[in-house]
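Listed below, chain by chain, are the residues.
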Amino acid sequence: MVEYGNGVGTVTGVANGAGGGGGGSMDVGAAASQFVNDATHTISTLPPEALVAIVIAVFLGLIVLRKAF
């Protein structure tokens, strides 16, 4: 059945050959785009105090990494 384009879907019994039993197809580009969109939304809704805390944490993390290596 591979010759007819139904190899994975027919063999596994899952629609579009998707794993995990969800029945939908996996689209890596859409997943990456959704990840960026969700991260942007999360950052944009944080209060200023949380943003300052994140910047300080990243800065301190870079200092720790610099001393570790």
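Fair warning: this is a prediction, and the values are worked out from it, not measured in the lab.

A. Highlighting the overall build of the chain. Within the chain, the regular secondary structure consists of three helices and zero strands. Each helix and strand of the chain, placed in order from N terminus to C terminus, yields the pattern α-α-α. Evaluated residue by residue, the chain yields a buried proportion of 3% over its 69 residues. Of the roughly 5,900 Å² of accessible surface on the chain, 67% is carried by carbon and sulfur atoms.

B. Quick peek at the environment of T45. Examined against the element boundaries, T45 turns out to sit in the loop between α2 (28–44) and α3 (48–68). Within the structure, the side chain of T45 is placed 3.1 Å from the backbone oxygen of H41, a separation counted as a polar contact.

C. Representation of a nonpolar patch on the surface within the structure. Side chains of I43, L51, I54, V58, L62, L65 and F69 sit close together on the surface and give an oily, nonpolar patch of about 710 Å² of accessible area. The biggest single contributor to the nonpolar patch is α3, with five residues.

D. Broad picture of α2. Between its terminal C-alpha atoms α2 stretches 24 Å, which fits the 24 Å expected from 17 residues at 1.5 Å a residue. Two or three places before G29, at the start of α2, stands the capping residue D27, its side-chain oxygen 3.4 Å from that residue's backbone nitrogen.

E. Structural context of the confidence of the model for the chain. Summarising the model, the chain shows a mean pLDDT of 79, and 64% of its residues fall at 70 or more. α3 holds the highest mean pLDDT among the elements of the chain, 95, whereas helix α1 (residues 7–12) holds the lowest, 56.

Reading the values: rules and limits
Residues numbered from 1 in each chain as written. Predicted model: local features only at pLDDT ≥ 70, side-chain atom pairs only at ≥ 80, totals over all residues. Heavy atoms only, no water. Helix = DSSP H or I, 4+ residues; strand = E, 2+ residues; numbered from the N terminus. Buried < 20%, exposed > 50% of the residue type's maximum accessible area, 1.4 Å probe, protein only. Areas by Shrake-Rupley, 256 points an atom, 1.4 Å probe, with all protein chains shown as cover. Polar contact = N/O pair within 3.5 Å; in protein donor to acceptor, adjacent residues only side chain to side chain. Patch = residues over 30% accessible without salt bridge, like charges linked within 9 Å, V, L, I, M, F, W, Y side chains within 5 Å. Salt bridge = Lys/Arg side-chain N within 4 Å of Asp/Glu carboxyl O. Expected span 1.5 Å × (residues − 1). pLDDT = per-residue confidence, 0-100.

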